Amino acid sequence: MLRLPLLPVLLLCLPVWAWAAPYRDTVWPVTFDLPAQWQLSSKTEKKRRTLLVLPRRAEDRERGDARAVFSVRRLGKRDSLQRLIRPYRSAQGGREAASRIELDEKRGRVLLDYRESENVQNGLWIVRRHQKVWQLDKASRRVFEADCSANASEFKHYRQPFSSLCLKFSVSSKREQP
């Protein structure tokens, strides 16, 4: 009887997107793990830059509408992370109150999990689930945002790639950059 080592057999059972490569942006001090089979593009509209990460498979883009969007904004002098999360504590418009809010003041990091409905066309409403991470760069008073979202009914299929993208998302200080 042929005996195969257990680890290589288990690794073959993992989905292709489970393999993720570290990504470090050349403009922003942002790093995250980019899942295999996902593509990254950079867009600048109205002087605002965003990074967009989409699955390569058209089925994932159409049915699940899965995506991760990375952006940045500057905090005002009176703003704080506490103030930014306040609106997410209760429902507002098509957004439900966040089911998960984790604030780590020491690290300057917020994790939000919430659902939001969108009117896409001709009265058709889609409910999207968002997993959002804010990371404060204290030196520059900028908040870097990673927003991973998909249709709520399909979100479970993207848990692992979203974990690589949003939950492993980090901002390094300028001293740490090469």
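Predicted model, so just to flag it, every value in this text is computed and none were measured. One numbering rule holds for all chains: residues counted from 1, following each sequence as written. pLDDT decides what is reported in this predicted model: residues at 70 or higher carry local features, side-chain atom pairs at 80 or more are listed and counted, and totals for whole chains, interfaces and linings draw on all residues regardless. Water and hydrogen atoms play no part in the side-chain values, which are based on all heavy atoms of the structure.

By convention here, two paired aromatic rings are described through the distance between centres and the angle between planes. Two aromatic rings from Phe, Tyr or Trp, using only the six-membered ring of Trp, form a pair when their centres are within 6.5 Å; if the ring planes differ by under 30 degrees the pair is stacked, by over 60 it is edge-to-face, and anything between is tilted. The tally for this structure, following the rule as stated, stands at ten aromatic pairs. Aromatic side chains W28 and F144 sit 6.1 Å apart centroid to centroid with 70 degrees between the ring planes, which places their arrangement in the edge-to-face category. Here the residue W28 occupies a position in the loop between β1 (20-24) and β2 (30-35), and F144 occupies one in strand β9 (residues 142-151), the gap between them amounting to 116 residues. No difference in accessibility class separates W28 from F144, as the two residues are buried. Judged by centre distance (4.3 Å) and plane angle (5 degrees), the ring pair of F32 and F70 falls under stacked. Of the two residues, F32 is situated in strand β2 and F70 in strand β5 (residues 67-74); the sequence distance between them amounts to 38 residues. Type-normalised accessible area, obtained with a 1.4 Å probe on protein chains alone, sets the label of each residue: buried when under 20%, exposed when over 50%, and partly exposed for intermediate values. Exposure remark for F70: the relative accessible area of 1% places this residue in the buried category. In this description a helix means any DSSP run of H or I spanning at least four residues, a strand means any run of E spanning at least two, and both kinds are numbered starting from the N terminus.

Next up on the list: the sheet that holds β5. Two strands qualify as a pair provided DSSP detects at least 2 bridges between them. In space, the seven strands of this open sheet follow the order β3-β4-β5-β9-β8-β7-β6, with antiparallel pairing throughout. In this open sheet, the two strands that pair with only one neighbour each are β3 (38-45) and β6 (100-104). For this sheet, the mean angle separating the axes of adjacent strands, direction not counted, is 25 degrees. Here β6 runs beside strand β7 (residues 109-121); their pairing, made up of five bridges, is antiparallel. Bridge assignment links L103 to a residue of β7, and that residue is V110. For helices, the fitted line uses only the C-alpha atoms of the stretch in contact; every axis is such a line through C-alpha atoms, and the angle between N-to-C directions lies from 0 to 180 degrees.

Residue-level confidence of the predictor is what pLDDT reports, using numbers from 0 through 100. Looking at the chain, the pLDDT average stands at 84 and 86% of residues meet or exceed 70. Contacts: residue pairs with any heavy atoms within 4.5 Å of one another. Segment residues 6-17 is flagged for pLDDT under 50; beyond a separation of four residues in sequence, or across chains, it makes eleven contacts in the model.

Moving on to the pairing of strand β8 (residues 124-137). Most of β8 is tucked away: ten of the 14 residues are buried. Two elements, β7 and β8, share twelve bridges in a ladder whose sense is antiparallel. By the bridge assignment for β8, N119 is matched with W125. Here β7 folds back onto β8 in antiparallel fashion, the turn holding two residues, of which N122 has a positive phi close to 45 degrees. Pairing analysis gives ten bridges linking β8 to β9, with the strands arranged antiparallel. Bridged to L136 within β9 is V143. Adjacent in sequence and paired antiparallel, β8 and β9 are bridged by four residues, among which R141 carries a positive phi angle near 60 degrees.

Moving on, we get to the sheet that holds β2. If you trace the three strands from one edge of the open sheet to the other, you get β1-β2-β10, paired in antiparallel fashion. Looking at which strands have only one partner, the edges of the open sheet turn out to be β1 and β10 (170-171). The pairing of β2 with β10 spans two bridges and is classified as antiparallel. Following the sheet pairing, V30 is matched in β10 by V171.

We now examine the side chain of D25. Positionally, D25 belongs in the loop between β1 and β2. A polar side-chain atom of D25 sits 2.7 Å from a polar atom in the side chain of Y23. A polar atom in the side chain of D25 sits 3.1 Å from the backbone nitrogen of V27. Whenever a nitrogen or oxygen atom comes within 3.5 Å of another N or O atom, the pair is scored as a polar contact, on the condition that within protein one atom can donate a hydrogen and the other can accept it, and that pairs from neighbouring residues in sequence are kept only if both atoms are in side chains.

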